[in-house]
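# Survey of secondary and tertiary structure
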Amino acid sequence: MILIDGKEIARQIKSEIAAEIAEMIDNGETGPHLAAVLVGDDPASQTYVGGKEKACRDVGMISSLYKLPENVSEKELTDVIDYLNNDDQVDGFIVQLPLPGQIDEKKILQRIHPAKDVDGFHPQNYGRMALNLPAYIPATPYGILQLIERYKIETSGKNCVVLGRSHIVGSPVSILLSRKAYPGNATVTVCHSSTKDLKEKAKQADILIVAMGQKEFVTGDMVKKDAVVIDVGIHRVPSEKTKSGFELVGDVKFDEVSKKASFITPVPGGVGPMTIVSLLLNTLKAYKKEIYK
Ligand code: GUN
C-alpha cells in the first residue's frame, strides 16, 4: 500500500509557486493577488479562509479579506463582488460557501466575473471544464487530479466510482475523470443518496473517490483489493488518543480500507492540503491571464 502524501506534494507545489512569485517580484512586478469574501462567523469557513491567507503569505502572494456580517443583504454582497470584479489590483477572488439563507448562492456565484472566478464555480468555467477548454478547475478536484498525476496512477480505461455529487467535488471530479485526457479517460459511475446497491458499485471501483460527507462511511468490505482510494471527507471527532481531545477522520474507515488499497490518501494530510494549493495555482493562472487572455 502506498500512502498518497498530499502534505508533501502540496509543500513541493508551494515552493514552485513561491519561486515563480519571487522572480516576478525581482522583475519589479507585484505578483498575484487573491481576495476572499467571508460572510458571517461559521467556524469552519473561518478556518478555511484563515488557511488560504496563511498559504498566500507562505508563497509571497498578496491576499485580502472582505468580512461581511451574517445578516448582510444580497445587494450589499453583490456590491462587494462588483467592486472586486472591477478592481484591477485583484487577480482572482472567492466567496466562501456556505452563505446564509437570505442569499441566493447561485446568483452570487454567477455574479463573479469568470476571469476572476478562481474557485471555478461560475457556469462559464464549469462548462468550459466539461468541454475540455481552458478553465479554472474547482480547487478540490484539481488537487485530486494533481495527486493522481504526481503518483503516476493510471486512469485510462479504469472503473472509477465517485461517491457524492456535490457541485464542489463529486460532480466536477466525475466530469474531469471521464474527459479524454490524463488524468481521465476512465469509466465513471457517480453514486448518491438515491443510488441502489451503492456498496456493490463501490466494490467495482479501480479508483474510488469518496466525497459524501459521512464519517468513516466506506468500510473494508466495500473496496476491491488493490483499489486506489481518495478520501475527500474531513470530520472532527472526540478522541482520547490526542492531547487536544479530538482527531480528524475522513469518509473512509482508514484502518480497514488501507489494508486492501494499492494507494490511499490519509486524513488529515491527503486531499486537504492540495485544495488550497490548487486555489493558489488558479490565482497564478489568473495573474498570468492563462485562461482568459
Ligand atoms: N466551502 C467549502 N469548500 C469550498 C471551496 O472550495 N470554495 C468556497 N468558496 N467555499 C467552500
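About the thresholds
Residues numbered from 1 in each chain as written. Predicted model: local features only at pLDDT ≥ 70, side-chain atom pairs only at ≥ 80, totals over all residues. Heavy atoms only, no water. Near = heavy atom within 4 Å. Polar contact = N/O pair within 3.5 Å; in protein donor to acceptor, adjacent residues only side chain to side chain. Areas by Shrake-Rupley, 256 points an atom, 1.4 Å probe, with all protein chains shown as cover. Nonpolar A, V, L, I, M, F, W, Y, C, P; charged D, E, K, R; others polar. 1 Å grid on protein atoms, 1.4 Å probe; cavity = no way out; pocket = protein on both sides within 12 Å on 5 of 7 lines; lining within 4 Å. Points joined across faces, edges and corners; volume = space filled by probe spheres on them. Helix = DSSP H or I, 4+ residues; strand = E, 2+ residues; numbered from the N terminus. Axes fitted to C-alpha atoms, helices over the stretch in contact; angles between N-to-C directions. Parallel < 35°, antiparallel > 145°, perpendicular 65-115°, else oblique. Left-handed = near helix turned anticlockwise from the far one by under 90°. Contact = heavy atoms within 4.5 Å. Expected span 1.5 Å × (residues − 1). Buried < 20%, exposed > 50% of the residue type's maximum accessible area, 1.4 Å probe, protein only. Arc of directions from axis to C-beta. Core = buried A, V, L, I, M, F, W, Y, C linked by side-chain atoms within 4.5 Å. Pairing = 2+ DSSP bridges.

### Here's the deal with the site of the ligand
Around the ligand, the neighbouring residues are Val95, Gln96, Leu97, Asp119 and Phe121. Within the side chain of Gln96, a nitrogen or oxygen atom sits 3.2 Å from a nitrogen atom of the ligand. Between a nitrogen atom of the ligand and a side-chain N or O atom of Asp119, the distance comes to 2.6 Å. Its free accessible area being 280 Å², the ligand has 84% of it covered by the protein chains. Residue composition of the shell around the ligand, by class: three nonpolar, one polar and one charged.

### Side note on empty space enclosed by the protein
Gaps between atoms show up when a probe of the same size as a water molecule is rolled over them. Enumeration over the complete set of coordinates arrives at one cavity of 30 Å³ or more. Each pocket or cavity is described by its volume, and for the largest cavity that value is around 60 Å³. Lining the largest cavity are Leu34, Ala35, Ala36, Val49, Lys52, Glu53, Ser63, Ser64, Leu65 and Ile94. Breaking the lining of the largest cavity down by element, the ones donating at least two residues are β2 (33–39), α2 (43–59) and β3 (62–68). Taken together, the residues that form the lining of the largest cavity break down as six nonpolar, two polar and two charged.

### Thoughts on the packing of α2 against helix α10 (residues 272–287)
Where α2 contacts α10, the two axes come as close as 10 Å, and the packing angle between them is 60°. Classed by the angle they form, the pair α2 and α10 counts as oblique. The chirality of how α2 crosses α10 is right-handed. Contacts between α2 and α10 involve Tyr48, Gly51, Lys52, Ala55, Cys56 and Val59 on the former and, on the latter, Ile276, Leu279 and Leu280.

### Some thoughts on helix α3 (residues 74–86)
For α3, which comprises 13 residues, the first-to-last C-alpha distance of 18 Å matches the rise-based estimate of 18 Å (1.5 Å per residue) to within 8%. When α3 is considered as a whole, its buried residues turn out to be Glu74, Leu77, Thr78, Val80, Ile81, Leu84 and Asn85. One side of α3 holds all its buried residues, which, seen down the axis, span an arc of 155°. The exposed set on the far side of α3, more than 90 degrees from its buried face, consists of Lys75 and Asn86. Residues of α3 that are buried make contact with β2, β3, β4 (92–95) and α4 (105–111).

### Digging into the nonpolar core
Membership of the largest hydrophobic core comes to 53 residues, with the highest contact counts inside it found for Ile17, Met61, Ile144 and Ile209. For this core, the element with the highest residue contribution is α10, accounting for eight residues. The contacts of Met61, once residues within four sequence positions are left out, are Ile17, Ile21, Pro32, His33, Leu34, Cys56, Leu280, Thr283 and Leu284. By size, the runner-up hydrophobic cluster in this structure holds 19 residues, among which are Val37, Leu84, Val90 and Leu109.

### Some words on the pairing of β2
Burial within β2 is extensive, with seven of its seven residues counted as buried. Here β2 shows two buried faces, one formed by His33, Ala35, Val37 and Val39 and the other by Leu34, Ala36 and Leu38. Two strands pair when backbone bridges link them, and β2 and β3 are joined in this way by seven bridges, in the parallel orientation. Paired with Leu38 across the two strands is Lys67, which belongs to β3.

### Quick word on helix α1 (residues 6–26)
Counted at 1.5 Å a residue, the expected span for α1 with its 21 residues is 30 Å, and the 30 Å between its end C-alpha atoms agrees. Along α1, the residues that are buried comprise Gly6, Ile9, Ala10, Ile13, Ile17, Ile21 and Met24. Take α1 and look down its axis: the buried residues cluster within an arc of 100°, on one side only. In α1, those exposed residues whose orientation departs by more than 90 degrees from the buried face are Lys7, Glu23 and Asp26. Summarising the contacts, the buried residues of α1 are in contact with α2, α6 (139–150) and α10. Gly28 sits one or two residues past α1 and shows a positive phi near 85°.

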